[in-house]
Amino acid sequence: MSTENRQILIAGGGPVGLLCAWLIGRRGIPVRLFDNNSGPQADPRAATTHPATLDLLAEDGLAEDMARVGLVAPIFQFWDRPSGELVAQFDHAVLKNDTRHPFVVQCEQFKTAKLILERLRKCPSVEVLFDCEVLDATQTADAVTAQVRGPSGIVSHSGAYLIGADGGRSTVRRRSGIKFEGFTWPERFIVLTTPYDFEAERGYCYRSYFADPGAWCNCFKVSADGPPGLWRTVYPTDPAQGEDAIMDNAGVQARMQSFFPSPELYEIVHRNLYVTHQRVAETFRTGRVLLAGDAAHVNNPIGGMGLNGGIQDAVSLSDKLIRILLDGAPERLLDLYDLQRRTVAIEFVQEQSIANKKRLEARDPDVRKRNLDELRQIAADPERARQFLLRTAMIASQRRAEGITLARA
Ligand SMILES: Cc1cc2nc3c(=O)[nH]c(=O)nc-3n(C[C@H](O)[C@H](O)[C@H](O)COP(=O)(O)OP(=O)(O)OC[C@H]3O[C@@H](n4cnc5c(N)ncnc54)[C@H](O)[C@@H]3O)c2cc1C
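So, here's what we can say about the structure. (Residues numbered from 1 in each chain as written. Predicted model: local features only at pLDDT ≥ 70, side-chain atom pairs only at ≥ 80, totals over all residues. Heavy atoms only, no water.)

This next bit is on the overall build of the protein chain. When its secondary structure is counted, the protein chain shows 14 helices and 22 strands. Relative to the compact-globule value of 22 Å for 409 residues, the protein chain shows a C-alpha radius of gyration of 22 Å, a close match. Out of the 409 residues belonging to the protein chain, those deemed buried represent 55%. Intrachain contacts of the protein chain at a sequence separation of at least 6 include 72% that bridge at least 24 residues. Counting only carbon and sulfur atoms, one obtains 50% of the accessible surface of the protein chain, whose full area is about 17,500 Å². Computed over 49 positive and 51 negative side-chain charges, the separation of the two mean positions in the protein chain equals 3 Å. (Helix = DSSP H or I, 4+ residues; strand = E, 2+ residues; numbered from the N terminus. Rg over C-alpha atoms; globule rule 2.2 N^0.38 Å. Buried < 20%, exposed > 50% of the residue type's maximum accessible area, 1.4 Å probe, protein only. Contact = heavy atoms within 4.5 Å. Areas by Shrake-Rupley, 256 points an atom, 1.4 Å probe, with all protein chains shown as cover. Lys, Arg positive; Asp, Glu negative; His and termini not counted. Charge placed at Lys NZ, Arg CZ, Asp CG, Glu CD.)

What follows is the structure, encoded as structure tokens:
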């Protein structure tokens, strides 16, 4: 096979595209990755990396490095904000026979991307091209071509397959005519990051969820440049409120104070506002074009599942492309990729992330009571807690995906 016939093109140098480049490139297959930024971004979005994902990243010490630069978080808590009651606490230790990593690692996604980039430097078959925007993708029976605008103008690049890992607004997905089915939440989510130590001052653990009929909150610790690290608090915003009122100092302090009253003003080091969607691409494969990560599916961040799902896509897709290109496996494997990963994106990630949101925001007193009672009962019963954590830790979805075969479809 000529180099071009084996070359993998990747649109997008977020964690998913970079991981695909590393997994495929370290097997000697030529990879060319394009990213429209001028270099790696200090993207503050994802941090929570679940046990199932850590198991996939254990090779070459990547999961270990993520734990080293991040924080190990074995437990998470549910709080009832109005009463201040700790409703339930879950310890991943109950998964000790299900995973090699019975804990979550809080590692900001730009750190994960940096760890992968360091590994990519040792892969001579991989080219990472920044300042390069993929504008279009076309294909024939034998090859796929990406039109890329870079520093020297618009250039066509051809390869065997193109991975669209270019995020939620994916050009590859749109230019391939693939619908992004689902909906957008009316409320935007605001993330306020502060050095205020919620553990020392209030006894919250590194991953704490707060149910509240007015406005829920998630509160997480990240290591940042620490110690001591930073705490990220996530809230829904009122769709009727303008961006200025949400984001100005008065609005930010009012939100923090209404949730976590304090005699002092909060120091806010970052404030970010996100439009949030629940969408899945109608297919993850059209011929030689494959979608992975946010290009293929997006969801609200409660439960921290988006990037985890994307990393699981990257591992599944890279493994199948390697088998096709190096071992002569049939291309039908790519249909299996679509079937496995799209099924769990819908059955698990969409369902679970929507259920997580509904549980935190419930207003009806009977529904709230039922939700919180259920959480108390699950936490008190080790086998029910294990079943619950198998889903939240994304082990159940990995097992479901691996159990899907084309023959059974
Ligand atoms: C507030 C918040 C918190 C979150 N927390 C978590 C969490 O704790 N755990 C979790 O699992 N997930 C979380 N997520 C989701 C997570 O951030 C995303 O799922 C993740 O970024 C997806 O990675 P990706 O590589 O697929 O896409 P991206 O990170 O979006 O990367 C896509 C890359 O492609 C580039 N690009 C775009 N278009 C083009 C083009 N045409 N040509 C070339 N390059 C292009 C972009 O510039 C970018 O570099 C969170 C999201 C939000 C908003």
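Moving on: the site of the ligand. With respect to spatial proximity, 31 residues lie near the ligand, and among them Asp35, Asn36, Gln109, Asp294 and Leu307 are the closest. Asparagine 36 places a side-chain nitrogen or oxygen 2.7 Å from an oxygen atom of the ligand. The separation between an oxygen atom of the ligand and a polar side-chain atom of asparagine 37 is 3.0 Å. Within the complex, the protein chains bury 88% of what would otherwise be the 1,000 Å² of accessible surface of the ligand. When residues of the shell around the ligand are traced back to their parent elements, those giving at least two are helix H2 (15-25), strand S9 (133-139) and helix H10 (306-327). (Near = heavy atom within 4 Å. Polar contact = N/O pair within 3.5 Å; in protein donor to acceptor, adjacent residues only side chain to side chain.)

To continue, consider the packing of helix H4 (residues 62-69) against helix H5 (residues 109-120). It is at 10 Å that the axes of H4 and H5 come closest, and there the two elements cross at 135°. The angle between H4 and H5 places the two elements in the oblique class. Considering only the axes of H4 and H5, their crossing is right-handed. Of the residues in H5, those touching H4 at Leu62, Asp65, Met66, Arg68 and Val69 are Lys111, Thr112, Leu115, Ile116 and Arg119. (Axes fitted to C-alpha atoms, helices over the stretch in contact; angles between N-to-C directions. Parallel < 35°, antiparallel > 145°, perpendicular 65-115°, else oblique. Left-handed = near helix turned anticlockwise from the far one by under 90°.)

Below, the discussion takes up the sheet that holds S9. In spatial order, the strands read S9-S10-S11; together these three strands make up an open sheet with antiparallel pairing. If you trace the sheet from one side to the other, it starts and ends with S9 and strand S11 (153-159), each paired once. Pairs of neighbouring strands in the sheet enclose a mean axial angle of 20°, with direction left out of account. By the bridge criterion, seven bridges tie strand S10 (residues 144-150) to S11 in an arrangement that is antiparallel. If you follow arginine 149 over to S11, its bridge partner there is isoleucine 154. (Pairing = 2+ DSSP bridges.)

Another aspect to go through is unusual backbone geometry. The phi torsion of most residues other than glycine is negative, and most of the peptide bonds are trans. Note the cis peptide between glycine 226 and proline 227, where omega equals 10°. Relative to the helices and strands, proline 227 resides in the loop between strand S16 (217-222) and strand S17 (230-236). Cis rather than trans, the peptide bond between proline 227 and proline 228 has omega equal to 10°. Within the element layout of this structure, proline 228 appears in the loop between S16 and S17. In this structure, aspartate 60 is a non-glycine residue whose phi angle is positive, near 60°. The residue aspartate 131 is not glycine, and still its phi comes out positive at about 55°. Relative to the helices and strands, aspartate 131 resides in the loop between strand S8 (126-129) and S9. Look at aspartate 131 and you get partly exposed, because its relative accessible area is 41%.

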